[in-house]
Amino acid sequence: MTDNIPLQPVRRQKRHDNKHKNGCCPWSRCCGMGDFRPRTVWLGHPEKREQRYPRNVINNQKYNFFTFLPGVLFNQFKYFFNLYFLLLACSQFVNELRLGALYTYWVPLGIVLIITMIREAVEEIRCYLRDKEVNSQIYSKLSTRGTVKVKSSGIQVGDLIIVEKNQRVPADMIFLRTSERNGSCFLRTDQLDGETDWKLRLPVACTQRLPTAADLLQIRSYVYAEEPNIDIHNFIGTFTREDGDPPVNESLSIENTLWASTVIASGTVVGVVIYTGKELRSVMNTSNPKHKVGLFDLEVNCLTKILFGALVVVSLVMVALQHFAGRWYLQIFRFLLLFSNIVPISLRVNLDMGKMVFSWMIRKDSKIPGTVVRASTIPEQLGRISYLLTDKTGTLTQNEMVFRRLHLGTVAYGMDSMDEVQSHVFSPTHDLPASRAPAATKVRKTISSRVHEAVKAIALVHNVTPVYEANGVTDQAEAEQHYEDTCRVYQAASPDEVSLVQWTESVGLTLVGRDQSSMQLRTPSGQILNFTILQMFPFTYESKRMGIIVRDESTGEITFYMKGADVVMAGIVQYNDWLEEECGNMAREGLRVLVVSKKSLTEEQYQDFEARYVQAKLSVHDRSLKVATVIESLEMEMELLCLTGVEDQLQADVRPTLEILRNAGIKVWMLTGDKLETATCTAKNAHLVTRNQDIHIFRPVTTRGEAHLELNAFRRKHDCALVISGDSLEVCLKFYEYEFMELACQCPAVVCCRCAPTQKAQIVRLLQERTGKLTCAVGDGGNDVSMIQEADCGVGVEGKEGKQASLAADFSVTQFKHLGRLLMVHGRNSYKRSAALSQFVIHRSLCISTMQAVFSSVFYFASVPLYQGFLIIGYSTIYTMFPVFSLVLDKDVKSEVAMLYPELYKDLLKGRPLSFKTFLIWVLISIYQGSIIMYGALLLFESEFVHIVAISFTSLILTELLMVALTIQTWHWLMIVAELLSLACYIASLVFLHEFIDVYFITTVSFLWKVTVITLVSCLPLYILKYLRRRFSPPNYSKLTS
């Protein structure tokens, strides 16, 4: 579990229709169905509620006190192999099937279960303590007895809650009052929507006007709220005050809400609670990400199934060789128990512990500081990535905007000519009426007034608010009063917005004040221009534009300003012949382009618009559609003022990182919501597309025929990068999914622009299905969460857009460049080590099973165990556990070499470290060594059976220790300690094993030479083979280390 619980957007919104409301019974809450209905909430009167609402408790635990044990046991034994080992252990209670002491079967199973339970218990306790901390936070509640303290878990729908600055909002509330003089407050929403920028929220006007907060309890008023749903960006409701004269009726939208899990960033607020518990927006958006099972785990499962098959076959062969005599079916069960070591019970535990070590190594790597592993079950997946899908903004780029270009159609100003813009803004000529200006300056005056009008529009059409902070010299109130430049910081919902306002400040027109109804600009001469904000139309991903209607207090003029993406603005502004061409030119330079326009309104036009707008906002049904229709009536024949170009700079070392990934055989796809031209430019700039590669820009297609023609044109290109828009991609996937994916997978690089979040996830899913290869998705924003969760490995970059992507990801990094080391070094090592560890654990089990098979064959196929009691338990624990597990520290090359030669990573993509071939080699080695040790012991023993046990078991332990030494490629001091410690443990334990081993015999020379000979015959040929292979057919990595 992580300290921050990710709030992931659910992929598609599900409407709660009637069939869901009914549930399975009249008490449908017991089913967890919930009865999601609209509600009327009376202010300060929870007792007036119409229905029962859930308690306001956060509960992220999987189990409770009573369900923990049965729950953990069920989750363990629902897997076949764990159930198989349980049945084996239980069979020992049947006398006819018992082979030895009960503890030989129950102790290994018990150890596995105890380790699992401890891990689950630790996670559950952490989760419980986190939940308790949140549920026990104290808040102030307004009641008829005054202000009382209440725990977060005790808050009910209808309560009036006071939330202080920097305090978490405990439930979904409607914003009623604020202590801020400007009548608004800011929210930090990074834990809800992943965006770090503050959001402006407005109180209900009627309640803000009341003299004191206590008056909220004196008025007769209620809030009508829609049914709970997952949409955190929209809300429909109304506020009604019945005892007013006349009664007051106000529409409520997202601007009036305070969602739970957000933090108040300014002032103290009062709100009325409308949703609690599981009906909170944040809780409904917390989807459990799919449980990712690594490809390596699936391969190991496949091998274990083969081993289980071998176990059944060997047991049947043994009974067949007895000619199915007597109660042969009981003999089959006895042989299944006898050879149960063929399927190693310790394999799962070793691999899980290995993964924990790999995750710890990633976290502790000083070369990639701040890296967090949230899914410790799949680190070896990082060693086999074939496709990397990355977001652009904030992932490849810094999401730090720098203003680069102002274009007026006839003239453009770049970074080197900003002083000209400044001179136009400083120039007073734009204020002069045309008749009074000299004729000679007419052209200059026209340009000057156009520049000034453009700069003024950019300074007005935004959602930026200047915030003044005390800086030690000036206090906050004084700074705000005098508009102190040194104390001012800008807050907005987008870094683009801030960069534009900072630019207008740099050329002389400064935004110095703003509240919900007015804005103040300061001219170069120090004059303050006051504007009243009449209406505000915020930016949405659907509309791709934002607008504002302001009244200039000095002239009384009403102006509607709008800015947005060129694709939507082209149809809104008056006809011109330069907009499309210049937008394309600026996008090719990698700039993010916005089109700025304006429209002057008469008082009558505005009053007519306002009446229709207020009416549309009060409607409960289809409100958003009606509101959009009214706004669109204004968005016609607007005057085009200018284009702005903002550059998003590349992150550090993006180019060398992409080159490393390309050399490692990983194909990189860039999926972005940005424009085609900007995306193409960034791809070239980041060297995602190399200089000698052609780029095929897929033309926009809308029909099946067009898609067919364009795919045929693309098919004729070779070694060519593809750039395609989201709309064209959708058409291609609808009609020619297989053909398109086949062509796209052959491309060295693919850029998908104008991609919706769901499209990103769809592309990941198609790559997995069509290629069967592993995918890795990298992103930094809330819109990347679905892609990150869909990929085999999700990597979140902690960026400007908040932590949502990094919280939802399997791995979290602070910079894109860390991805190179994460894959080339840690991914490669984790996979190779896991492969070596799993095969060695299988070898260890097969060795002892082969010896058992030889022993039973010699003694007339008797189902008698060769080793009993502590010997069988000690073999896979204290005698060999530490050396075998020390393989997790092994590495074939140094990390510097792995980074220098990313081609080494390519070898892993074919899955060679763990394949049927390597598995078969280890099986043959196990059969050879097990047979040599057992036959050697049978040939060399003289009198007593107990001597066979002593000779064979000692040879087996030494063989295992020598085989670990043979497998290791780079020695670590802990490996030497593990080898010596295991040997010392075995020698020391011989004193206590007199029940199984003749203590006097093992001190004789006869014992020593027999063990030495058997061990040498079992291991020496393998050492010779390894030497010859390294000499005549060395692997790639050995060429680099020699």
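Residues numbered from 1 in each chain as written. Predicted model: local features only at pLDDT ≥ 70, side-chain atom pairs only at ≥ 80, totals over all residues. Heavy atoms only, no water.

Enquirer: Tell me what's going on with the packing of aromatic side chains, and back it up with residues and numbers.
Expert: All chains considered together, the criterion is met by 24 aromatic pairs. Between Trp42 and Tyr222, the aromatic rings sit 5.0 Å apart at their centres with planes inclined by 55°, giving tilted as the arrangement. Note that Trp42 is positioned in strand β1 (residues 39–42) and Tyr222 in strand β8 (residues 221–225), a separation of 180 residues in sequence. Owing to a relative accessible area of 16%, Trp42 belongs among the buried residues under this scheme. Measuring from centroid to centroid gives 4.8 Å for Phe855 and Phe859, while their planes differ by 50°, and the two rings are tilted. For Phe855, a relative accessible area of 5% gives the class buried. (Phe/Tyr/Trp six-rings, centres within 6.5 Å; stacked < 30°, edge-to-face > 60°. Helix = DSSP H or I, 4+ residues; strand = E, 2+ residues; numbered from the N terminus. Buried < 20%, exposed > 50% of the residue type's maximum accessible area, 1.4 Å probe, protein only.)

Enquirer: How would you explain the packing of helix α8 (residues 295–321) against helix α27 (residues 818–858) if you had to name every residue and give the values?
Expert: Helix-helix packing: each pair is described by the crossing angle between the helix axes and the interaxial distance. Their axes nearest at 12 Å, the elements α8 and α27 cross at an angle of 5°. When the interaxial angle is binned, α8 and α27 end up roughly parallel. The segment α8 lies against α27, with Phe296, Glu299, Val300, Leu307 and Met318 engaging Tyr831, Ser834, Ala835, Ser838, Ile842, Leu846, Ala853, Ser856 and Ser857. Looking at the contact of α8 with α27 residue by residue, the class counts come to nine nonpolar, four polar and one charged. (Axes fitted to C-alpha atoms, helices over the stretch in contact; angles between N-to-C directions. Parallel < 35°, antiparallel > 145°, perpendicular 65-115°, else oblique. Contact = heavy atoms within 4.5 Å. Nonpolar A, V, L, I, M, F, W, Y, C, P; charged D, E, K, R; others polar.)

Enquirer: Hey, could you go over the environment of Trp669 for me, with residue numbers and the actual values?
Expert: By the secondary structure assignment, Trp669 is in strand β27 (residues 667–671). The spatial distance from the C-alpha of Trp669 to the C-alpha of Asp391 is 8.7 Å, given a sequence separation of 278 residues. Once residues lying within four places of it in the same chain are set aside, the contact partners of Trp669 are Tyr387, Leu388, Leu389, Thr390, Met741, Ala744, Cys745, Val750, Ile763 and Leu767.

Enquirer: Explain a positive patch on the surface residue by residue, including any values.
Expert: A cluster of basic residues, Lys906, Lys910, Arg912, Lys917, Arg1029 and Arg1030, forms a positive patch on the protein surface. Mapped onto the elements of the fold, Arg912 is located in the loop between α31 (903–909) and α32 (916–940). (Patch = residues over 30% accessible without salt bridge, like charges linked within 9 Å, V, L, I, M, F, W, Y side chains within 5 Å. Areas by Shrake-Rupley, 256 points an atom, 1.4 Å probe, with all protein chains shown as cover. Salt bridge = Lys/Arg side-chain N within 4 Å of Asp/Glu carboxyl O. Lys, Arg positive; Asp, Glu negative; His and termini not counted. Charge placed at Lys NZ, Arg CZ, Asp CG, Glu CD.)

Enquirer: Outline the confidence of the model for the protein, supporting the account with residue identities and numerical values.
Expert: With 90% of its residues at a pLDDT of 70 or more, the protein has an overall mean of 84. With pLDDT under 50 throughout, residues 1–33 is counted as low confidence; its partners more than four residues away or in other chains account for 73 contacts. This stretch, residues 430–444, has a pLDDT under 50; its non-local contacts, to residues over four places away or in other chains, come to nine contacts. (pLDDT = per-residue confidence, 0-100.)

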